[in-house]
Amino acid sequence: MSTVVLLDTGYDQMQAKLDLMNAAKKGDELLVSTYLFGIRGGEDPVQWWVTDALVRAAERGAIVHLLVDACGLWAGDENLKILLQGKVQVHVFEMAFVKEHPLDFYKRMHDKIVILNHADGSTGELILGSRNLTQGFDLNLKKNPPHERDIYYRGPQVAQATEHYKSFLDNR
């Protein structure tokens, strides 16, 4: 059986993502991707909340990956150092020029997803939406523009989302 929950506000979305990260246990696989991580020219509390949750998940024995697009990696060196020392596997998706396209576009990694695959084989969970892991575009997390929604999902299609996530690691 599948479960789907619409997360309406920035606060609900961020809390659900942190809750999922904090639920990761020994042997679980936690896969996180975002286009933007941190904000330019300033401190972003969200990057620190996420950093803390990811490092603590790794300390509990979860396998933790963070995938960020190269254009959106705005977190400072101190933040990245903490992630790497905390045994979080940080992947940076570099821009790729796609020549096959008639307009010659650049390929970006624009996904925003948190996936938790449980080591005990129970049904995986994910949160998918359009909100980056930054507070920079919504300074009041309790308000939300009507086009910014996330979805919590628990069900068998998490396996497909996991394959999609890992395809970025293979094709960076």
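Now for a description of the structure that goes with this document. What you see is a predicted model; the values in this text were computed from it and never measured.

### Quick word on the packing of helix H1 (residues 10-22) against helix H2 (residues 45-59)
The N-to-C vectors of H1 and H2 enclose an angle of 20 degrees; their axes lie 8 Å apart at closest approach. Relative to H2, the element H1 lies roughly parallel. Between H1 and H2 the crossing geometry is left-handed. Side by side, H1 and H2 meet where Met14, Leu18, Met21 and Asn22 of the first sit next to Val46, Trp49, Val50, Ala53, Leu54, Arg56 and Ala57 of the second. Along the lines of polarity and charge, the residues of the contact of H1 with H2 split into nine nonpolar, one polar and one charged.

### Looking at the pairing of strand E7 (residues 113-117)
Counting buried residues in E7 gives five out of five residues, a clear majority hidden from the surface. Neither face of E7 is open: one carries Ile113, Ile115 and Asn117, the other Val114 and Leu116, and all of them are buried. The pairing of strand E2 (residues 29-34) with E7 spans five bridges and is classified as antiparallel. Residue pairing for E7: Leu30 is matched across the bridge by Leu116.

### Considering H2
In a regular helix each residue adds 1.5 Å, so 15 residues correspond to 21 Å; H2 covers 21 Å between its end C-alpha atoms and thus fits that length. Of all the positions in H2, only Val46, Gln47, Val50, Thr51, Ala53, Leu54, Val55, Ala57 and Ala58 are classed as buried. Phi for Gly61, located one or two positions after H2, is positive at around 100 degrees.

### Brief notes about the sheet that holds E7
Pairing within the open sheet is mixed, and its seven strands lie in the order E1-E9-E8-E7-E2-E3-E4. The strands lining the two open edges of the sheet, one partner per strand, are strand E1 (3-7) and strand E4 (89-93). Averaged over all pairs of adjacent strands, the angle between their axes in this sheet comes to 15 degrees, without regard to strand direction. With four bridges connecting them, E7 and strand E8 (residues 125-129) associate as antiparallel partners. Bridge pairing links Ile115 to Leu126 in E8. Sitting on the sheet, H2 is in contact with E2 and strand E3 (63-69), with an inclination near 150 degrees to E3.

### Quick notes on the pattern of salt bridges
Counted according to the given criterion, the structure contains five salt bridges. Note that Asp8 and Arg149 form a salt bridge whose closest N and O atoms lie 3.3 Å from each other. Here the residue Asp8 occupies a position in the loop between E1 and H1, and Arg149 occupies one in the loop between E8 and strand E9 (150-154), the gap between them amounting to 141 residues. Residue classification places Asp8 among the partly exposed positions, given a relative accessible area of 36%.

### Re a nonpolar patch on the surface
A surface patch of nonpolar side chains, about 270 Å² in accessible area, is lined by Val4, Leu6 and Ile151. Note on placement: Val4 falls in strand E1.

### As for the nonpolar core
Ranked by internal contacts, the top residues of the largest apolar core, which has 29 residues, are Met21, Leu30, Val50 and Leu54. Of all the elements in the fold, those that place two or more residues in this core are H1, E2, H2, E3, helix H3 (77-85) and E7. Residue contributions to this core peak at seven residues, all from H2. Once you skip the residues sitting within four places of it in the chain, Met21 turns out to touch Leu30, Val32, Val50, Ala53, Leu54, Ala57, Arg60 and Val114. Counting 13 residues, the second-largest nonpolar core is a separate cluster that includes Leu31, Phe93, Ile113 and Ile115.

Calculation criteria
Residues numbered from 1 in each chain as written. Predicted model: local features only at pLDDT ≥ 70, side-chain atom pairs only at ≥ 80, totals over all residues. Heavy atoms only, no water. Axes fitted to C-alpha atoms, helices over the stretch in contact; angles between N-to-C directions. Helix = DSSP H or I, 4+ residues; strand = E, 2+ residues; numbered from the N terminus. Parallel < 35°, antiparallel > 145°, perpendicular 65-115°, else oblique. Left-handed = near helix turned anticlockwise from the far one by under 90°. Contact = heavy atoms within 4.5 Å. Nonpolar A, V, L, I, M, F, W, Y, C, P; charged D, E, K, R; others polar. Buried < 20%, exposed > 50% of the residue type's maximum accessible area, 1.4 Å probe, protein only. Pairing = 2+ DSSP bridges. Expected span 1.5 Å × (residues − 1). Salt bridge = Lys/Arg side-chain N within 4 Å of Asp/Glu carboxyl O. Patch = residues over 30% accessible without salt bridge, like charges linked within 9 Å, V, L, I, M, F, W, Y side chains within 5 Å. Areas by Shrake-Rupley, 256 points an atom, 1.4 Å probe, with all protein chains shown as cover. Core = buried A, V, L, I, M, F, W, Y, C linked by side-chain atoms within 4.5 Å.

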